[in-house]
Amino acid sequence: MHLAAAAGVSRIRFEAWTAPLAPSEAITATDGRLVPGPTHLSRDGRPVIPVSGELHFSRVPRSDWDARLRLMRAGGVTAVSTYVIWIHHEADRGEVSFDGGLDVAAFIDTAQAAGLDVVLRIGPWAHGEVRNGGLPDWVQALDVRQRTDDPGYLDVVREWFGALGAHLAGRVRPGGPVVAVQIENELYDQPEHIRTLIGLARKAGIEAPIWTATAWGGAELPDEVLPLYGGYGDGFWVPSDHPWDPSFRAHYFFGHVWDDPGIGSDQRADASTPTTAAEHRGPAATCELGGGMAASYHRRPVLQPADVAAIAHTKIGNGSVWQGYYMYAGGSNVWRGPDLQESLATGYPNDLPVFDYDFHAPIGAAGSRAASFDLLRDQHAFLAAFGDRLATMSASMPETRPAGLDDTTTLRWALRSDGTSGFVVIGQHQPYAGLRDAEPTRFAVELTDRVVELPTSPVSVPAGTMARWPVGLRLAGTPEIEWATASAVTILDGDGPSTLVLRAERGIDPVLAFADPEVDVVARTGAVALLDGAWAVTVDDSALLEVRAAGTALDVLVLGPARAARTWVLDHGGRRTLLVADDDLWTAADGSLAARTTGATVGAIERWEPTSGRFVRLAGPDAEPRSGACAVVAERPPGEVPTSYGGTSARGAAPSHDLVRRAGAVWTVELPAWTAEPGADAVVDVEWAGDVALLEVGGRVVADRFWDGTPWRLDLGTLGPLPAEVRLVVLPLHPDNPVWLPAAAEARRRDTAGRLVALDSITVTERITWTAALDGGRAAYQDHVAPVE
């Protein structure tokens with residue numbers, strides 16, 4: 001703990017929500033599952049905070065749907081949201097396809113089997129960095145005013161919705177697996193058109209329990225829809241010569257502003273006035289918290305894992321009652337064909353990769369887990385365990401707040417509370433302009449019946465801290481925790497007392513105070529000492545405390561930061577199960593625990609047993625993943641490249657695949673023989689530098705990437721039958737090309753004399769998927785599922 005002899009007091013006073021505009025009766029469908037009220041949503045009559053994550057089924061091989069969805073669920077996502085991209089289904093008028101990877105109904109069924117609700121975003125205009133915003137070319141060519149109530153446009157939408165409704169066959173109804181349907185996207189001044197589209201969908205048999213629409217940009221929306229907001233830490237749509245935009249920076253501050261005037265600003269001329277909590281209608285809900293960011297040719301931002309997690313964390317402190325991410329799982333356009341991306345050539349202000357839509361998401365295009373997944377998983381475990389309380393709590397702001405967007409010294413924090421209990425939410429992180437350690441302070445939290453002061457000695461909150469400290473926490477039959485300087489994670493129930501799981505913060509000692517001064521606290525592991533009326537915990541890996549007072553009992557498990565970062569909370573047998581693992585985990589269809597290796601070794605998996613109060617190691621497979629470097633042969637040196645390929649100085653055009661193939665350096669990559677074995681699951685990591693890279697299989701481009709300094713991961717199993725050799729083509733990056741690059745990539749470019757083109761390494765790693773018996777039995781290999789497409 002960072003102590004100081006003289007320190008201030010940071011004060012906050014509980015303030016209930018002012019009466020917001022209640023949702024109209026048209027919004028509040030009564031399917032009994034997910035119902036929005038004035039300040040929060042309820043499921044089966046109980047307050048809840050949904051967590052939705054975006055995955056586009058038509059950008060992911062059908063054979064991968066189940067594993068991706070189950071991994072999402074294991075990460076704490078409760079609903080998968082997905083665009084139904086019209087151009088993917090009806091490239092030619094009247095030839096509608098829902099076959100293979102376009103089978104929306106099958107995707108919904110797969111999600112439901114994985115334990116996920118579904119949010120369908122049916123457009124008809126979707127955006128999603130798709131050509132024409134997802135409208136088929138033949139719709140774009142019609143002599144009608146698209147995205148209006150033009151009768152000619154409504155006629156073709158009616159046909160499309162009719163085909164979609166018939167295919168869904170009643171799956172979108174109150175009580176069904178689809179809990180919400182989004183109409184249109186980023187439509188700012190057509191409320192009547194949105195109302196008309198809802199009517200067309202209903203006539204087609206699409207009866208949404210909740211209708212939603214994106215509300216950013218000051219959108220005018222009809223009463224029938226629930227407004228949803230967003231927030232990104234950076235964006236590809238900003239001109240390459242612009243600094244970090246204020247619209248991104250604002251999301252790292254606590255407050256009551258929900259609108260984001262930056263999203264979609266490249267496609268509209270006017271600037272919106274941000275919407276505050278007092279102005280929005282219904283609960284504070286989101287659908288596009290940036291799970292990462294795509295790369296355009298001219299601007300290639302890479303958000304670090306903490307950058308992603310900090311925005312989501314800040315929204316929790318601001319009062320969010322629906323955490324929705326875009327994207328949560330990346331994908332590729334290769335399954336639908338070339339030239340379906342947003343591009344300058346099709347009237348958009350940005351050139352996107354032809355195929356790549358990895359988005360640096362928590363689950364990448366290769367199905368691999370990013371570090372952002374782990375940070376968000378921690379937040380989602382908290383929302384699952386405490387969401388019924390948190391959903392009803394207002395968000396209050398402190399007396400002293402940052403003076404402006406350039407303030408990097410003032411502590412950033414907020415309070416979620418119902419007036420008698422709550423959570424102090426601290427978020428001391430932002431990208432680019434890093435924050436400093438906060439000045440030593442104590443916190444004074446003014447509730448309706450008392451003032452809670454914590455901790456007993458001043459603490460300096462280190463930069464990077466994202467904390468959720470409980471205040472006045474009461475669990476049934478347990479001693480009340482007056483406050484704690486460790487983050488609430490989850491609650492576990494066993495045959496004995498409930499176990500409260502806390503996460504220690506880096507650089508801050510975990511200390512607990514209880515409402516009953518006569519409480520008895522004993523450390524079964526770790527150590528605890530009573531200091532100034534509070535219990536200071538010594539924790540390295542973990543510490544288990546037994547707390548007893550006046551006939552009540554509670555176990556408190558405090559996880560050290562390193563162990564907490566590896567912690568998963570899965571539902572198993574109707575109870576939460578705490579697991580610690582580096583590998584991917586999810587619940588298999590038969591209810592067993594599935595694990596998938598993420599590196600060159602099989603990682604250990606430990607399960608917490610609340611009854612015995614210890615971690616038990618689960619048995620794993622005997623085999624180890626095969627891995628190694630690929631043999632590479634330089635086939636052709638690079639050609640000369642120009643400074644740019646057209647466009648403007650701020651929004652350059654991307655070179656075509658044909659140009660890349662003519663001017664790029666070419667390497668032949670020899671894959672290990674085992675990658676061709678039936679059922680083999682392998683990923684390739686390409687460390688490279690340049691401008692644009694292509695992967696060719698049998699003379700056909702199957703993947704592409706704009707260089708941003710990060711490794712390029714590819715799932716070999718999704719690329720179809722592979723020959724022994726594949727080709728990698730890398731176009732050099734001209735030193736004066738005006739593309740914006742992340743700092744590390746830009747430094748490499750500037751340190752390179754002349755054009756930049758390099759292949760540093762290519763490695764291949766096998767992924768082993770196995771099932772573990774939670775009773776300690778031996779592991780078994782999971783059957784491989786052959787690709788459908």
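Here is what the cut-offs are and how they apply
Residues numbered from 1 in each chain as written. Predicted model: local features only at pLDDT ≥ 70, side-chain atom pairs only at ≥ 80, totals over all residues. Heavy atoms only, no water. Helix = DSSP H or I, 4+ residues; strand = E, 2+ residues; numbered from the N terminus. Rg over C-alpha atoms; globule rule 2.2 N^0.38 Å. Buried < 20%, exposed > 50% of the residue type's maximum accessible area, 1.4 Å probe, protein only. Areas by Shrake-Rupley, 256 points an atom, 1.4 Å probe, with all protein chains shown as cover. Lys, Arg positive; Asp, Glu negative; His and termini not counted. Charge placed at Lys NZ, Arg CZ, Asp CG, Glu CD. Contact = heavy atoms within 4.5 Å. Salt bridge = Lys/Arg side-chain N within 4 Å of Asp/Glu carboxyl O. Pairing = 2+ DSSP bridges. Expected span 1.5 Å × (residues − 1). Core = buried A, V, L, I, M, F, W, Y, C linked by side-chain atoms within 4.5 Å.

Chemist: Account for the overall build of the chain, with residues named and values stated.
Modeler: Scanning the chain for helices and strands turns up twelve helices and 46 strands. A globule of 789 residues ought to have a C-alpha radius of gyration of about 28 Å, and the chain, at 26 Å, matches this closely. Each principal axis of the C-alpha atoms in the chain carries an extent, and together these give about 75 × 60 × 50 Å. Split into buried and exposed, the 789 residues of the chain put 62% on the buried side. Of the roughly 27,700 Å² that the chain leaves accessible, carbon and sulfur atoms contribute 50%. Side chains of the chain give 66 positive and 101 negative charges; the mean places of these two sets differ by 1 Å.

Chemist: Quick rundown of the environment of Glu687? Include the residues and the values.
Modeler: Topologically, Glu687 is positioned in strand S39 (residues 682-689). Under the relative-accessibility criterion, Glu687 is labelled partly exposed at 32%. Taking C-alpha positions, Glu687 is 44 Å from Val172, a pair spaced 515 residues apart along the chain. Leave out the neighbours within four places in its chain, and Glu687 touches Pro711, Leu759, Asp760 and Ser761.

Chemist: Just give me the short version of the side chain of Thr765, but keep the residues and values in it.
Modeler: Tracing the backbone shows Thr765 in strand S44 (residues 758-766). A relative accessible area of 13% means that Thr765 is categorised as buried.

Chemist: Just give me the short version of the pattern of salt bridges, but keep the residues and values in it.
Modeler: With the rule as written, the count across this model stands at 54 salt bridges. In this structure, Glu453 engages Arg442 in a salt bridge whose closest nitrogen and oxygen atoms are separated by 3.4 Å. Pair noted here: Glu453 is in strand S19 (residues 451-459) and Arg442 is in strand S18 (residues 441-446), with a separation of eleven residues, a long-range link. The exposure class of Glu453 is partly exposed, given its relative accessible area of 41%. Counted as one network, the salt bridges with shared partners bring together Arg369, Asp374, Arg377, Asp584 and Arg596.

Chemist: Give a description of the pairing of strand S5 (residues 51-55) that names residues and reports values.
Modeler: Most of S5 is tucked away, with five of its five residues classed as buried. A two-sided burial pattern is seen for S5, the buried positions comprising Val51, Gly53 and Leu55 on one face and Ser52 and Glu54 on the other. As paired elements, S5 and strand S12 (residues 323-329) share four bridges and run parallel to each other. When the bridges of S12 are listed, Ser52 appears paired with Gly324.

Chemist: So what about unusual backbone geometry? Which residues, and what values?
Modeler: A cis amide bond links Tyr326 with the next residue in sequence, Met327, at an omega value of -15 degrees. The residue Met327 is located in strand S12 in this model. With omega at -15 degrees, the peptide bond leading from Leu454 into Pro455 counts as cis. Within the element layout of this structure, Pro455 appears in strand S19. Of note, Asp44 is a non-glycine position whose phi angle comes to about 55 degrees, a positive value. Along the polypeptide, Asp44 turns up in the loop between strand S3 (41-43) and strand S4 (46-48). Its identity as a non-glycine residue notwithstanding, Glu186 has a phi of 55 degrees, on the positive side. As for its placement among the helices and strands, Glu186 is situated in the loop between strand S8 (178-183) and helix H6 (191-203).

Chemist: Give me the lowdown on helix H8 (residues 305-318), citing residues and values where you can.
Modeler: Look at H8: 20 Å from first C-alpha to last across 14 residues, which is about the 20 Å you get at 1.5 Å a residue. Of all the 14 residues making up H8, twelve are buried; the element is thus mostly covered by neighbouring parts of the structure. Where H8 is concerned, the buried positions are Asp307, Val308, Ala309, Ala310, Ile311, Ala312, His313, Thr314, Lys315, Ile316, Gly317 and Asn318. Immediately downstream of H8, the backbone of Gly319 shows phi near 115 degrees, a positive value.

Chemist: Can you lay out the nonpolar core for me, pointing to particular residues and giving the numbers?
Modeler: Core analysis: the biggest nonpolar cluster contains 162 residues, and Leu120 and Ile122 have the highest contact counts within it. It is helix H5 (residues 151-168) that provides the largest number of residues to this core, a total of eight residues. If we skip the residues at most four places from it in the chain, Ile122 touches Val84, Trp160, Phe161, Leu164, Val181, Gln182, Ile183, Ala201 and Ile206. By size, the runner-up hydrophobic cluster in this structure holds 49 residues, among which are Ala682, Val692, Leu716 and Leu756.

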